[in-house]
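# Overview (structure and organization)
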Amino acid sequence: MNERQVEERILRYSEERYIYEELAKQILDMMRTAVGREYPDLKAASYSMRAKEIESLRKKLQKDKYQANSEITDLAGVRIIVYSKKDIPLVTDIIKKVFR
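Conventions adopted
Residues numbered from 1 in each chain as written. Predicted model: local features only at pLDDT ≥ 70, side-chain atom pairs only at ≥ 80, totals over all residues. Heavy atoms only, no water. Helix = DSSP H or I, 4+ residues; strand = E, 2+ residues; numbered from the N terminus. Polar contact = N/O pair within 3.5 Å; in protein donor to acceptor, adjacent residues only side chain to side chain. Contact = heavy atoms within 4.5 Å. Bend = angle between axes of the 7 residues up to and from the residue. Buried < 20%, exposed > 50% of the residue type's maximum accessible area, 1.4 Å probe, protein only. Arc of directions from axis to C-beta.

## Quick word on the side chain of Arg17
With respect to the secondary-structure elements, Arg17 resides in helix H1 (residues 3–38). Separated by 3.2 Å, the side chains of Arg17 and Glu53 make a polar contact. Residues within four places of Arg17 in sequence aside, it is in contact with Ala51, Lys52, Glu53 and Ile54.

## Here we look at H1
Its maximal kink placed at Glu16, H1 deviates by approximately 50°. Listed in full, the buried residues belonging to H1 are Val6, Arg9, Ile10, Tyr13, Arg17, Ala24, Leu28, Met31, Ala34 and Val35. Looking at the buried side of H1, the elements it contacts are strand S1 (44–51), helix H2 (54–62), strand S2 (76–82) and helix H3 (88–98). Between the side-chain oxygen at the start of H1 and the backbone nitrogen of Arg4 there is a gap of 3.1 Å, and the oxygen is on Asn2.

## Section: H2
Taken as a whole, H2 has its buried residues at Leu57, Arg58, Lys60 and Leu61. With its buried residues spanning 165° around the axis, H2 presents them on a single face. Packing partners of the buried residues in H2 comprise H1.

In structure tokens, the structure reads:
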């Protein structure tokens, strides 16, 4: 991807980033609710969300492996950290149910 293409993508993402922030917030709320409903005794160490930072996206786009029309798949994300390894499959199952 050449520099002009990178800057075009960055400009577009900058204008749309609030959408990814809102999406991450909504998914985070859905996951908190689903975990609490399915496993009320499961205590998560933390829940967090984010929209990709603009400079992080710029660095990613500048790598040679991305073509002009390629899609970056991690523009928004949610993280759930649990205290016990035994809880990981429980959270995984909830994610699969919520996002069939």
